[in-house]
Amino acid sequence: MKKTLLLILLSISIFSYAQEKKFKLILDAGHGGKDPGAQKNGCTEKVIALDVVLRIGKILEAYPEFDIKYTRTTDVFIPLQDRAKIANDFEADLFVSVHCNSSVSPKPYGAMTLVMGLSRTGMNFEIAKAENAVISLEEDYKEKYEGFDPNNPHTQIGLKIMQEETLMQSIDFASTVQGYFKNSLQRKDLGMHQQPLWVLDATVMPGVLIELGFLSNLEESKYIKSEEGKSNFSQIIARSIIDYKNNLRGTNTVPNVLDIKEPIIETEVLLVSSDSSTVANSTTITPVSIGSGYKVQISFSTKKLELTPENFNGLSNISVAETNGGYKYYYGEGSMETCKKLLAEAKLKGYKTAFIVESK
Ligand SMILES: [Zn+2]
């Protein structure tokens, strides 16, 4: 009897602890101080990033569930390493960095969200180089960022299999942000990208870097610096953060102050979307070490699903592994060559963010 009572009391205290545990958020305004970021069409990236970040914070500070920390609230220079340290010391649940894009050509426009990792396509790499360029403004950058060469497209820093879980959560959040950009704001959706970005790779929590749009595109720059643009951006990002927290924690914080259209995304099983456009341009993760056994991870869910084809868009030969807080679902198993074919098949069936992992 005593034992039961103790157990009940314990459960209640664990329950109330979980109820009260705040969602810790880092809001990171890109650049600052001597590092202005992109400067085009009368817009300065560091100014817009800070403005939008402070607006996001103002919206979310109305919710007691959030504990918000800013990497900067004024026009100061913060080294990338310090930004990552602030986030890690705070033990944040999510890291959100706000930036603006720029191109040598005035043509490109649209919004994209970056997650940690490697991308080898030329255009994406140009962005990574620009966003990482600030490192060379720091005096002792050679020691501090040892091994990370933003000019080397083959840098392997993003490929940390250990951070796979974090990456999947980042992708989940990124797809929500892009869904809102596209459906609520009618911005051009440039999708999610994996990038070798130091600030994302050095943080241990899920994190994304949002490029609101191109300052180098005259039309888009006008929208970005407008009151309407900045207000809309901050609302959809705040809303994405609330959605992400609700999904992750199973809470139902109601974003009643935000009257915006729902994004086009699937939320039932994370990373699975029948609408390919919401996860366009996501890249494939290739395992770092060479082994003979691989399988294709197609999704992660907090729900345990029966391994029948009906639950997996018609795919059979599904296996599952229980992990921290959920279940990873895999399609097939075999050599790298086999898995490349299976991966293509899984993507065709709608698992756009599927990737190859080593089978243990
Ligand atoms: Zn930037």
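Look above for the structure.
What counts and how
- Residues numbered from 1 in each chain as written.
- Predicted model: local features only at pLDDT ≥ 70, side-chain atom pairs only at ≥ 80, totals over all residues.
- Heavy atoms only, no water.
- Salt bridge = Lys/Arg side-chain N within 4 Å of Asp/Glu carboxyl O.
- Helix = DSSP H or I, 4+ residues; strand = E, 2+ residues; numbered from the N terminus.
- Buried < 20%, exposed > 50% of the residue type's maximum accessible area, 1.4 Å probe, protein only.
- Phe/Tyr/Trp six-rings, centres within 6.5 Å; stacked < 30°, edge-to-face > 60°.

## As for the pattern of salt bridges
Okay, step 1: Throughout the structure, instances matching the rule amount to 10 salt bridges.
Okay, step 2: Measuring nitrogen to oxygen at the nearest pair gives 2.8 Å for the salt bridge that ties Asp28 to Arg83. Here Asp28, found in strand β1 (residues 23-29), pairs with Arg83, found in helix α3 (residues 80-90); they are 55 residues apart in sequence, far enough to count as distant.
Okay, step 3: The buried category is assigned to Asp28, whose relative accessible area is 1%.
Okay, step 4: Classification of Arg83 as buried rests on a relative accessible area of 3%.
Okay, step 5: The closest approach of N and O atoms between Arg55 and Glu227, which form a salt bridge, is 3.0 Å. Highlighted residues: Arg55 in helix α2 (residues 45-60) and Glu227 in helix α9 (residues 227-249), separated in sequence by 172 residues.
Okay, step 6: On the accessibility criterion, Glu227 (52% relative accessible area) is exposed.
Okay, step 7: Taken together, the shared-partner salt bridges in this structure form one network comprising Asp51, Arg55, Glu227 and Lys230.

## Remarks on the packing of aromatic side chains
Okay, step 1: Counted under the stated rule, the structure contains 7 aromatic pairs.
Okay, step 2: Seen in terms of ring centroids, Phe23 and Tyr244 are 6.2 Å apart; in terms of plane orientation they differ by 75°. Their pairing is edge-to-face. Pair noted here: Phe23 is in strand β1 and Tyr244 is in helix α9, with a separation of 221 residues, a long-range link.
Okay, step 3: Pairing Phe181 with Phe233 gives two aromatic rings, centres 5.9 Å apart and planes at 70°, and the pair type is edge-to-face. Of the two residues, Phe181 is situated in helix α6 (residues 164-183) and Phe233 in helix α9; the sequence distance between them amounts to 52 residues. Assigned by exposure class, Phe181 and Phe233 land together as buried.

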